[in-house]
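Working through the structure, step by step
Residues per chain, in single letters:
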Amino acid sequence: APAGLLAGRADVVAAAAEALGDPAPLLVRAAAALALLTSLSALIQSGPRVAARMAQDRVLPAWLAPSRAGAAPFAATLLQCALALLLVWITNLRDLLASIGFLLGLCAAATILALMALRMRRGSQAVPVPGWPWIPAIFLLATLGSSVFLVVREPAHALRGLGVLVLGLPLALRRREPSTQD
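Notes on the structure follow. (Residues numbered from 1 in each chain as written. Predicted model: local features only at pLDDT ≥ 70, side-chain atom pairs only at ≥ 80, totals over all residues. Heavy atoms only, no water.)

1. Re the side chain of Arg119
Mapped onto the fold, Arg119 is located in helix α5 (residues 93-122). The class of Arg119 is buried, set by a relative accessible area of 13%. Sequence-distant contacts of Arg119, defined by excluding residues within four places in its chain, comprise Ser124, Val127, Pro128, Val129 and Trp132. (Helix = DSSP H or I, 4+ residues; strand = E, 2+ residues; numbered from the N terminus. Buried < 20%, exposed > 50% of the residue type's maximum accessible area, 1.4 Å probe, protein only. Contact = heavy atoms within 4.5 Å.)

Shown next, in the form of structure tokens:
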């Protein structure tokens, strides 16, 4: 697409697809919908299980844990659904995706840092990591780079994401006994 057509537009991919002509816009929309659906599916399945495990580890309230081993995390799923509906109700999709994307990026970076620290402590035999050290380092740099980009470009979104992180800190920092269910 010509630069003049893209200038000032947030939807540059859609504008570029329109410039290509039919069926490009339809294909771009279908690809975007598929990407969103697969991401949502993964989050819908993993989010409640993470919360349930955190409940079993006594980080979150016990009522979020399944009542029996192997059961679906029903209460955690309902909580996630309620929180998702609340967020959709109080903000628009663009702001929500940017704030959550920023927060998820920080969580991914923390996970990679923890993996790197664990490997350094336990060694390569105990913690094999494909592409070590380049793949984790590149992932970490790209994730932190995109987070810094968002802080510079859209500080309000980053502040919302950091606000959620700060709200969760009391749970992360409180003392608790380790779970016996490992």
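What follows picks up the thread again.
2. Regarding unusual backbone geometry
With the exception of glycine, the majority of residues adopt a negative phi angle, and the majority of peptide bonds are in the trans configuration. Here Asp22 and Pro23 are connected by a cis peptide whose omega angle stands at 0 degrees. Looking at the element boundaries, Pro23 is found in the loop between α2 (12-20) and α3 (24-56). Residue Trp132 is joined to Pro133 through a cis peptide bond whose omega torsion reads -5 degrees. Within the fold, Pro133 resides in the loop between α5 and α6 (134-153). Here the phi dihedral of Arg58 falls at roughly 65 degrees; this positive angle occurs in a residue that is not glycine. Along the polypeptide, Arg58 turns up in the loop between α3 and α4 (74-90). Here Arg58 falls in the partly exposed class, since its relative accessible area comes to 39%.

3. Focus on the packing of α5 against α6
Direction vectors running N to C along α5 and α6 enclose 150 degrees, while the axes themselves pass 9 Å from each other. It follows that α5 is roughly antiparallel to α6 by the angle criterion. For α5 against α6, the interelement crossing comes out left-handed. Packed against α5, whose contacting residues are Ala98, Phe102, Gly105, Leu106, Ala108, Ala109, Ile112, Leu113 and Met116, the element α6 presents Pro136, Ala137, Phe139, Leu140, Thr143, Leu144, Ser147, Leu150 and Val151 at the interface. Each residue belonging to the contact of α5 with α6 can be placed in one class, and the counts come to 15 nonpolar, three polar and no charged. (Axes fitted to C-alpha atoms, helices over the stretch in contact; angles between N-to-C directions. Parallel < 35°, antiparallel > 145°, perpendicular 65-115°, else oblique. Left-handed = near helix turned anticlockwise from the far one by under 90°. Nonpolar A, V, L, I, M, F, W, Y, C, P; charged D, E, K, R; others polar.)

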